[in-house]
Amino acid sequence: MSERRRIPPKAYGYAAAGLVLLVLPFYLERFWLQAGLFAMAAALGAVGINLLTGATGQLSMGHAFFLAVGAYGYCALAGDGTDGLSGLGLPGWLAAVLAVCLAGLAGGVFSPIAGRLHGAYLGIATLALIFIGQHLLFNAHGLTGGYNGRAVPPLNLFGLTFDDTELLVLQVPFGSVEKLWYLGLALLLGGVLFARGVLRGRPGRAMNAIRDHRIAAGVLGIPVARHRAAVFVLSSMYAGLAGVLLALVFQRTVPEYFGMALSLEYLAMIVIGGLGSVAGAVAGGVFVALLPQVLGRYAEALPLVSAPGTGGVAPGEAARYLYGAAVVGVVLFLPGGLARLVARTPIHRPSGESR
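For clarity, every value in this text was computed on a predicted model and none was experimentally measured.

The secondary structure content of the protein amounts to 14 helices and six strands. In terms of overall size, the protein behaves like a compact globule, its C-alpha atoms giving a radius of gyration of 21 Å where 355 residues would be expected to give roughly 20 Å. Reported as C-alpha extents along the three principal axes, the dimensions of the protein are approximately 70 × 55 × 50 Å. Counting every position in the protein, which comprises 355 residues, the buried fraction comes to 44%. Long-range contacts, defined here as pairs at least 24 residues apart, represent 73% of the contacts in the protein between residues at least 6 apart. Of the roughly 18,600 Å² of accessible surface on the protein, a fraction of 67% belongs to carbon and sulfur atoms. Positive and negative side-chain charges of the protein, numbering 23 and 14 respectively, have mean locations separated by a distance of 19 Å.

Here's what the structure looks like:
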């Protein structure tokens with residue numbers, strides 16, 4: 001009689017974590033739900049750049065540019081022009097899909113360069129995207145709103161509008177962040193599963209071969225330039241999706257947010273979480289996104305941290321110091337990041353269970 005297959009302990013942990021995430025909007029206040037949505041958007045963008053940098057070995061400093069394309073692309077496609085800015089007035093769901101495709105198209109335009117350059121050369125080339133993007137965002141007033149940015153039209157999906165119009169669910173009023181919470185969970189889950197599928201299949205093996213032995217991969221018949229270009233486009237689409245989600249949460253796009261600091265934050269996410277690991281990218285994204293939110297929330301109770309302009313270290317600045325120190329600590333003492341730390345955790349088995 002065959003032994004019944006046992007459910008792995010991780011499955012119970014995933015089920016419990018999923019259940020907790022599903023019920024959080026019924027108990028948490030708006031601040032924490034909004035912070036969680038920022039973390040989801042950051043995790044999505046981190047998964048995208050991890051496919052490019054962690055799995056394929058391509059350094060990109062222009063990730064913030066593609067987030068801006070997604071965010072402003074959604075605003076321009078979904079906007080109706082009543083605010084004096086250009087807009088096509090498309091349905092929100094269609095505008096979101098097209099904004100992600102627009103980010104992928106922007107990545108496709110740059111992909112011939114990404115396919116031929118590698119290492120620091122590609123990093124310097126993608127750095128130009130930040131300067132180009134910032135110039136356009138600040139000066140294309142009719143499209144972006146200039147320094148003041150532009151309002152983000154609410155998303156409408158299957159008759160549900162993701163705005164602050166209250167919706168009672170089990171006698172709990174749901175506003176925009178509560179509705180967006182479940183959308184963010186669905187997008188993050190889909191993005192993680194797709195990225196894991198890519199890395200575990202033939203494309204993932206080709207990407208790792210290009211990262212580890214580029215010349216040998218070419219000798220084995222792997223089209224190196226084509227794979228690099230394709231991964232760059234895929235990474236750009238992940239960034240565009242993260243930009244759309246960020247815009248919906250912020251409810252206003254601001255040009256200065258999509259600058260060099262944001263690109264550096266995404267590189268910090270994947271280093272802290274673990275290069276080449278999807279779960280590590282999610283963990284690093286959550287860590288870097290939540291840290292300034294937590295510091296800002298408890299600034300009065302923390303030494304040296306205070307509100308901006310009050311004489312101490314601002315929460316955002318303190319967060320950069322801390323995750324900068326985390327990057328140094330990971331490089332020196334924990335190669336592989338948080339993902340490797342979890343992998344090293346021993347699993348305690350019952351005494352009678354066979355190995």
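This paragraph deals with the layout of surface pockets. Within this model, the second largest pocket holds a volume of roughly 530 Å³. If you go around the second largest pocket, you meet 20 residues; those closest to its centre are Phe-250, Tyr-257, Glu-265, Pro-292 and Gln-293. Contributions of two or more residues to the lining of the second largest pocket are made by α2 (30-55), α10 (224-250), α11 (260-273), α12 (278-297) and α13 (315-333). With five residues, the single largest contributor to the lining of the second largest pocket is α11. Counted by class, the lining of the second largest pocket contains 14 nonpolar, three polar and three charged residues.

The subject of this paragraph is the environment of Gly-280. By the element assignment, Gly-280 lies in helix α12. For the pair formed by Gly-280 and Ala-46, sequence separation is 234 residues and the distance between their alpha carbons is 9.1 Å. With residues up to four places along the chain from it excluded, the contact list for Gly-280 reads Met-269, Gly-273, Gly-274 and Ala-339.

We now examine empty space enclosed by the protein. Applying the stated rule across the entire model yields one cavity of 30 Å³ or more. Approximately 40 Å³ is the volume found for the largest cavity. Per-element accounting of the lining of the largest cavity gives the leading share, three residues, to α10. Its residues assigned to classes, the lining of the largest cavity comprises three nonpolar, four polar and no charged.

This paragraph deals with the pattern of salt bridges. Scanning the entire structure with this criterion turns up three salt bridges. Among the salt bridges present, the one from Arg-297 reaches Glu-29, with a minimum N-O distance of 2.8 Å. Here the residue Arg-297 occupies a position in helix α12, and Glu-29 occupies one in the loop between α1 (9-23) and α2, the gap between them amounting to 268 residues. With a shortest N-O distance of 3.7 Å, Lys-179 and Asp-163 are connected by a salt bridge. Here Lys-179, found in helix α7 (residues 176-200), pairs with Asp-163, found in the loop between β3 (160-161) and β4 (167-169); they are 16 residues apart in sequence, far enough to count as distant.

Its place among the elements puts Ser-60 in the loop between α2 and α3 (63-78). Here Ser-60 falls in the buried class, since its relative accessible area comes to 2%.

It is worth spelling out the environment of Lys-179 at this point. Lys-179 gets classed as buried once you look at its relative accessible area, which sits at 6%. Placed 97 residues apart in sequence, Lys-179 and Gly-276 show a C-alpha to C-alpha distance of 32 Å. Apart from the residues lying within four places of it in its own chain, the contact partners of Lys-179 are Leu-160, Thr-161, Phe-162, Asp-163, Thr-165, Leu-167 and Phe-174. At 3.1 Å, the side chain of Lys-179 and the backbone oxygen of Thr-161 are in polar contact.

For the rest of this paragraph, the subject is the side chain of Glu-178. Tracing the sequence through the fold places Glu-178 in helix α7. At 5.1 Å, Arg-30 is the nearest oppositely charged side chain to Glu-178, a buried residue that forms no salt bridge. Ignoring sequence-local partners within four residues, the contact set of Glu-178 consists of Pro-25, Leu-33 and Pro-173.

Put simply, α2 and α7 touch, their axes get as near as 9 Å, and they point 20 degrees apart. On the basis of the axis angle, α2 is roughly parallel to α7. You can see that α2 and α7 cross each other, and the crossing is left-handed. Per-class residue counts for the contact of α2 with α7 are 17 nonpolar, five polar and two charged.

Rules of the game
Residues numbered from 1 in each chain as written. Predicted model: local features only at pLDDT ≥ 70, side-chain atom pairs only at ≥ 80, totals over all residues. Heavy atoms only, no water. Helix = DSSP H or I, 4+ residues; strand = E, 2+ residues; numbered from the N terminus. Rg over C-alpha atoms; globule rule 2.2 N^0.38 Å. Buried < 20%, exposed > 50% of the residue type's maximum accessible area, 1.4 Å probe, protein only. Contact = heavy atoms within 4.5 Å. Areas by Shrake-Rupley, 256 points an atom, 1.4 Å probe, with all protein chains shown as cover. Lys, Arg positive; Asp, Glu negative; His and termini not counted. Charge placed at Lys NZ, Arg CZ, Asp CG, Glu CD. 1 Å grid on protein atoms, 1.4 Å probe; cavity = no way out; pocket = protein on both sides within 12 Å on 5 of 7 lines; lining within 4 Å. Points joined across faces, edges and corners; volume = space filled by probe spheres on them. Nonpolar A, V, L, I, M, F, W, Y, C, P; charged D, E, K, R; others polar. Salt bridge = Lys/Arg side-chain N within 4 Å of Asp/Glu carboxyl O. Polar contact = N/O pair within 3.5 Å; in protein donor to acceptor, adjacent residues only side chain to side chain. Axes fitted to C-alpha atoms, helices over the stretch in contact; angles between N-to-C directions. Parallel < 35°, antiparallel > 145°, perpendicular 65-115°, else oblique. Left-handed = near helix turned anticlockwise from the far one by under 90°.

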